[in-house]
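Residues per chain are reported as follows:
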Amino acid sequence: MEISRRTLLTSTAFGAGFLLVPGLRSAASAETVKLVIGNYEAPGLYDQAAQEVVTDRDDGYHNDGNPRHYEWWYFDLFTQSGFKAAVILMDRPLVMLDNPDLPPMLMLNVELPDGTNRDFQVPFPGVDFIASEEHCDVKLGNNWCKGRYPNWQLHAEHDDVVVDLELVATVESWRAGSGAMYFDEALTVFNAHVVPAPRAVVNGTIQVAGETIAIEDGHGYHDHNWGNAGIEGVLKAWHWGRAECGDFTLNFSYILHNADYGNKVVCKFMLAKDSEILLSTGEFEDSFVGEIHVGPQSGNGWPDGFLIEAPYNGDMIRIEISGNHLLSDALNSDQQPDDETARPGYIRLGGDIRVTVPLADGVEVATGNIIHEMSFSESIPKAEANWLL
């Protein structure tokens, strides 16, 4: 069924088997903090393989008519020549969900090998956001994406940029547990995440300033997020990334909740080799490395690199990210940053990555490129920019 945000007819259900995380006590307020509920944090308590099965329906529209509902379909790619692109189709932005007049939005970012960057956040007021609840089939003005595993197509255009791409997944779809994180005992307030294409081969064309660039055997990715909790009032910040390193495919999220939720950290981590997922876990450590830089729009800090470590085979998987450079910086606040304070915002980074994996038959090391992002939903003193400490 194809529906629009203005005439919602659909509903959604989620898997059972959730872990209830006991509330902690806040030193500041001496009140019991709110609950975060998610079964991916306790893989021993449920059938992880069954929970992680992803269907075409998971990549369809999930809007049940809740006025705070948000949803987006994210695609990105990079090439060995240094070309990068990202396209996000959103039925509404992730922030200010209590505003019923938020329009749907296109986010489009292209970086050429010479460093030329096109970065757009394009609202579509008065335009229907149309999507199917059965599988990925989304339309926003002249922009669209559609497909079923393992194939997707997308078209996006704004100003002097036109993107036409086809993705073919080479790694099985993935999500952490049920893919949902709930913030009430009734399981009605939630954020959900699924990765239909952790890794894909991309072909097509991208036009920039009248020049058509052929994309052949590019490296692609597709994920999908939805819910009604959003980030304001729930999250403080997150670090998400995906990478390809030789035969290895990586996907991770480090999610820091705000003080109302006890500053709870939730982690999601997936590592695959070839087409097989080796590890799906809620346990890893993430830390800043090197000097911290400041985004020009939001004022938020981002480091030269990161170090990520996850237990595996009695040892540690080691992820070293270096050479970060800014691809996109969006301000998600009416307030501008100043000399002392960063504002809510979204930063996308490109960088280099080195992965060390202790396999049963020996340690393997691989290198590659990474696209990752940091999102901030609170104003943060710039002196506290290293929020992973």
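Preceding this paragraph is the structure being described.
J.: Sorry, what's going on with the nonpolar core here?
T.: The biggest cluster of nonpolar side chains holds 36 residues, and the ones touching the most others in it are W73, F83, L108, V110, V163 and I206. Apart from the residues lying within four places of it in its own chain, the contact partners of V163 are V87, L108, V110, L154, H155, A156, T205 and I206.

J.: Just to check I follow, could you spell out the pairing of strand β9 (residues 151–158) for this structure?
T.: In summary, the side chains of a regular strand alternate between the two faces of the sheet. Where strand β8 (residues 143–148) lies against β9, five bridges are found, and the strand directions are antiparallel. What sits directly across from R148, in β9, is N151. The turn joining β8 and β9, which pair antiparallel and follow one another in sequence, is formed by two residues. In textbook terms, the turn of a hairpin is the stretch between consecutive antiparallel strands, and for β9 and strand β10 (residues 161–169) this stretch comprises two residues, one of which, D159, has a positive phi near 55°.

J.: Is there a simple way to explain the pattern of salt bridges in this structure?
T.: Pairing of side chains with opposite charge becomes possible as their charged atoms draw close. Per the counting criterion, the structure on display carries twelve salt bridges. Here R148 ties to D56 by a salt bridge, and the two come within 3.7 Å at their closest N and O atoms. You can see R148 sitting in strand β8 and its partner D56 sitting in the loop between α1 (48–51) and β2 (70–78), a full 92 residues away along the chain. Residue R148 is classed as partly exposed on the basis of its relative accessible area, which comes to 41%. Ionic pairing is found between E244 and R242, a salt bridge with its closest N-O pair at 3.2 Å. Take E244 and R242: they sit in the same class, and that class is buried.

J.: Is there a simple way to explain empty space enclosed by the protein in this structure?
T.: To find leftover empty space, a probe the size of one water molecule is rolled over the atoms. Counted according to the given criterion, the structure contains three cavities of 30 Å³ or more. In this model, the largest cavity occupies a volume close to 50 Å³. If you go around the largest cavity, the residues you meet are F75, D76, L77, A85, A86, V87, L154, V163, L165, L167 and V202. Along the lines of polarity and charge, the residues of the lining of the largest cavity split into ten nonpolar, no polar and one charged.

J.: Even after reading the chapter, I still don't get the sheet that holds strand β18 (residues 285–294), so can you show me in this structure?
T.: The strands making up a sheet associate through backbone hydrogen bonding, with each pair oriented either parallel or antiparallel. An order of β17-β16-β15-β14-β23-β22-β20-β19-β18 is seen for the nine strands of this open sheet, with the pairing classed as antiparallel. Looking along the sheet, the strands with just one partner apiece sit at the ends: β17 (276–281) and β18. Direction aside, the axes of adjacent strands within the sheet are offset by 15° on average. For strand β14 (residues 235–245) and strand β15 (residues 248–257), the ladder comprises ten bridges, and the chain directions are antiparallel. Bridge pairing in β15 places E244 opposite T249.

J.: Hey, could you run me through the packing of aromatic side chains in this one?
T.: The relation between two aromatic rings is expressed through the spacing of the ring centres and the mutual angle of the planes. Under the criterion given, the structure shown has 14 aromatic pairs. On the numbers, 5.5 Å between centres and 80° between planes, the contact of F183 with Y261 is edge-to-face. Placement of F183 in the loop between β11 (180–182) and β12 (190–208) and of Y261 in the loop between β15 and β16 (265–273) is noted, with a sequence separation of 78 residues between them. Looking at F183, the relative accessible area reads 6%, which means it is buried. Lying over the aromatic face of W144, K146 brings its terminal NZ or CZ to 5.3 Å of the ring centre.

Parameters and conventions
Residues numbered from 1 in each chain as written. Predicted model: local features only at pLDDT ≥ 70, side-chain atom pairs only at ≥ 80, totals over all residues. Heavy atoms only, no water. Core = buried A, V, L, I, M, F, W, Y, C linked by side-chain atoms within 4.5 Å. Buried < 20%, exposed > 50% of the residue type's maximum accessible area, 1.4 Å probe, protein only. Contact = heavy atoms within 4.5 Å. Pairing = 2+ DSSP bridges. Helix = DSSP H or I, 4+ residues; strand = E, 2+ residues; numbered from the N terminus. Salt bridge = Lys/Arg side-chain N within 4 Å of Asp/Glu carboxyl O. 1 Å grid on protein atoms, 1.4 Å probe; cavity = no way out; pocket = protein on both sides within 12 Å on 5 of 7 lines; lining within 4 Å. Points joined across faces, edges and corners; volume = space filled by probe spheres on them. Nonpolar A, V, L, I, M, F, W, Y, C, P; charged D, E, K, R; others polar. Axes fitted to C-alpha atoms, helices over the stretch in contact; angles between N-to-C directions. Phe/Tyr/Trp six-rings, centres within 6.5 Å; stacked < 30°, edge-to-face > 60°. Lys NZ or Arg CZ within 6 Å of the ring centre and 35° of its normal.

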